[in-house]
Amino acid sequence: MIRILKGDAVSKLDQMHCKRIGQSSYELMETAVQGFIHWFEEQKFTGQEIFIYVGGGNNGGDGLGIARHLQQRNYQVTVVLCFNDEADLSADSKINFDRLPEGVSKISFEDFDFPSKGIFIDAFLGVGLKGKLRDSALPIVDSWNKQQGVKIAVDIPSGLLSEGIAEEKTSVACADYTVTFAFPKLSLLFPENAKVVGELVLVDIGIADSLYQEFESDLFYIQKKDIPERHRRFHRFSHKGDFGRILLIGGSLGKMGAVVLSAKSALRTGAGLVTCQIEESERFIIQASVPEAMVIGEDLKDLDAFDAIGVGPGWGVDNREKKLEFLLKSFSKPMVLDADALNVLSQNPELLSLLPKNSILTPHLGEFERLVGSCVNHLDRMGKASELSKKYQIILVLKGANTLISLPDGRQLFNSTGTHFMATGGAGDVLTGIITAFLGMGYSPENAAICGVFHHGLAGEYAGKIRFQGTIASDIIEQIPRTFEFVENS
Ligand SMILES: NC(=O)C1=CN([C@@H]2O[C@H](COP(=O)(O)OP(=O)(O)OC[C@H]3O[C@@H](n4cnc5c(N)ncnc54)[C@H](OP(=O)(O)O)[C@@H]3O)[C@@H](O)[C@H]2O)[C@H](O)CC1
Ligand SMILES: [K+]
């Protein structure tokens, strides 16, 4: 899993990498540039002039290298020089400046007329930004924000600090895409910054995982390559008991769809036997819509027969306190708590201490704040999530773009899969089903949470590519099996 370092560790990381593998810092910049170009060409942006804003530091150096490569690929390229003097350029930027082909137009920012349209690349400021944007830089960012066209930030949007939050009053160059190098800078993962970051693309520049381990950080970014090793292997003699007996508790009058979605997604994840505990009067709904699932009434007392329990989807909060207390006292294995189970917990915080160790709580931001109180921003949220995980030895899955998993030992992991098309009713119930299924299959709670959020996000991406904004939770479920094929076979 890739470690997320502080922005000011980047230059040290680069130096160590270059020293270890005998590469120059210019060569590393070139690797970053080529990674950007590779992504850019895949996007098939066509027929428009490209304007690259370049600053005096290495972020600008990346921009100058990008200009050269794009011109060589027959794009019409203009670099907008956002520095005062060539002499101010960093050493590697100067090399790229001198290598600019004749065909690249150069214009200083002061003389730059607003084009009516184009593709804009922001290589003005990167992780070397210190503090608040200087007044001299404000017109550049303002001009950028007024341009019409596709906007791409190199490494990080200019004006955004690598651990910062773009509040209304801060000036940041907004992007449709941010192509970041080596590891995602923390601020690129904050929901508050979504509108300035756009779509996040990570470009590998060849820095070894082992090098990251020499830096202290409890923050990680989950990638596809981290998943197969966490999957449990089954064999030809495996029977449905091996794939887990799980119990899903939820649903209430008018909200039975939530349990239906959890049950179907658990089955599509591979759960061996799924039982739903619901109100007797609603039995028909489950039996008719998920024939593979079994149904039991609310009087069931023997929970030991189950490998994992997921509780909460559509459950309602009325008169649930005693039931939740009974569950927490009777089931000693980790369980999954979502939706109304979390709301019951918020209303009865004394129940938190009854949670079986390593239980997985999956709140969205609203449910989370009901649990811990209101949060100023994502940094504050991350801190409170970590405190809660450590205090009760539980795993918190804070849902959203780049879902955050907080582990009891203090590590915090950001997910890399997902799409805004998943912002639809029932998507959370699907996640509950997936994670409960993994727990039932004998995955460690940590692996169940990691694999759960990764597969869920990927299934959402697949569904979004077919259904776009018409994506519904059932579409996500349909795509779960494909995510296993992708993760295992590539
Ligand atoms: N491993 C990697 O990820 C690689 C990243 N690369 C790229 O390099 C940049 C970081 O480059 P660096 O030279 O350290 O810094 P920047 O270019 O981001 O920023 C320096 C310029 O910013 C000016 N600055 C600083 N603070 C402010 C401010 N508050 N307001 C306005 N301007 C500011 C600074 O001006 P000075 O006058 O202080 O010098 C510099 O002009 C990284 O983001 C990647 O894009 C490498 O290419 C390869 C490896
Ligand atoms: K930038």
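Small disclaimer: the values here were computed from a predicted structure and weren't measured.

Draft legend 1. Molecular detail of helix α3 (residues 58-72). In a regular helix each residue adds 1.5 Å, so 15 residues correspond to 21 Å; α3 covers 21 Å between its end C-alpha atoms and thus fits that length. With twelve of 15 residues buried, α3 lies mostly within the body of the structure. Restricting attention to buried positions, one finds in α3 the residues Asn59, Gly60, Gly61, Asp62, Gly63, Leu64, Gly65, Ile66, Ala67, Arg68, His69 and Leu70.

Draft legend 2. Broad picture of the coordination of the potassium ion (ligand 2). Within the protein, the atoms that donate to the potassium ion (ligand 2) are Asn59 (OD1), Asp122 (O), Leu125 (O), Val154 (O) and Ile156 (O), at distances of 2.6 to 3.0 Å. Taking relative accessible area as the criterion, Leu125 reaches 21% and is therefore assigned partly exposed. Residue classification places Val154 among the buried positions, given a relative accessible area of 0%.

Draft legend 3. Highlighting empty space enclosed by the protein. A complete count under the given rule lists one cavity of 30 Å³ or more for this structure. Volume-wise, the largest cavity comes out at about 30 Å³. The wall of the largest cavity is formed by Tyr53, Asp122, Phe124, Ile140, Val141, Trp144, Ser158 and Ala173. Here the lining of the largest cavity takes three residues from helix α5 (residues 138-146), the largest share from any one element. Considered class by class, the residues forming the lining of the largest cavity number six nonpolar, one polar and one charged.

Draft legend 4. Quick look at the nonpolar core. Counting residues in each nonpolar core, the largest one holds 97 residues, and the members touching the most others are Phe36, Phe40 and Leu337. The dominant element in this core, judged by the number of residues it contributes, is helix α2 (residues 25-43), at eight residues. Mapped onto the domain boundaries, this core takes at least three residues apiece from domain 1 (2-217) and domain 2 (228-489). Grouped together as the second largest cluster of nonpolar side chains are 54 residues, Phe438, Phe454, Leu458 and Ala473 included.

Draft legend 5. Just the packing of helix α11 (residues 339-347) against helix α12 (residues 365-372), in detail. Interaxial distance between α11 and α12 falls to 8 Å at its minimum, and their mutual angle equals 20°. Judged by the inter-axis angle, α11 sits roughly parallel to α12. The handedness of the crossing between α11 and α12 comes out as left-handed. Two secondary-structure elements touch here, α11 through Ala339, Leu342, Asn343, Leu345 and Ser346 and α12 through Glu367, Arg370 and Leu371. In terms of residue class, the contact of α11 with α12 is built from four nonpolar, two polar and two charged.

Definitions and cut-offs
Residues numbered from 1 in each chain as written. Chains lettered and ligands numbered in written order. Predicted model: local features only at pLDDT ≥ 70, side-chain atom pairs only at ≥ 80, totals over all residues. Heavy atoms only, no water. Helix = DSSP H or I, 4+ residues; strand = E, 2+ residues; numbered from the N terminus. Expected span 1.5 Å × (residues − 1). Buried < 20%, exposed > 50% of the residue type's maximum accessible area, 1.4 Å probe, protein only. Donors = N, O, S within 2.8 Å, 3.2 Å for Na, K, Ca; no water. 1 Å grid on protein atoms, 1.4 Å probe; cavity = no way out; pocket = protein on both sides within 12 Å on 5 of 7 lines; lining within 4 Å. Points joined across faces, edges and corners; volume = space filled by probe spheres on them. Nonpolar A, V, L, I, M, F, W, Y, C, P; charged D, E, K, R; others polar. Core = buried A, V, L, I, M, F, W, Y, C linked by side-chain atoms within 4.5 Å. Domains from an automatic or database assignment. Axes fitted to C-alpha atoms, helices over the stretch in contact; angles between N-to-C directions. Parallel < 35°, antiparallel > 145°, perpendicular 65-115°, else oblique. Left-handed = near helix turned anticlockwise from the far one by under 90°. Contact = heavy atoms within 4.5 Å.

Functional significance is not addressed by these values, which are geometric in nature.
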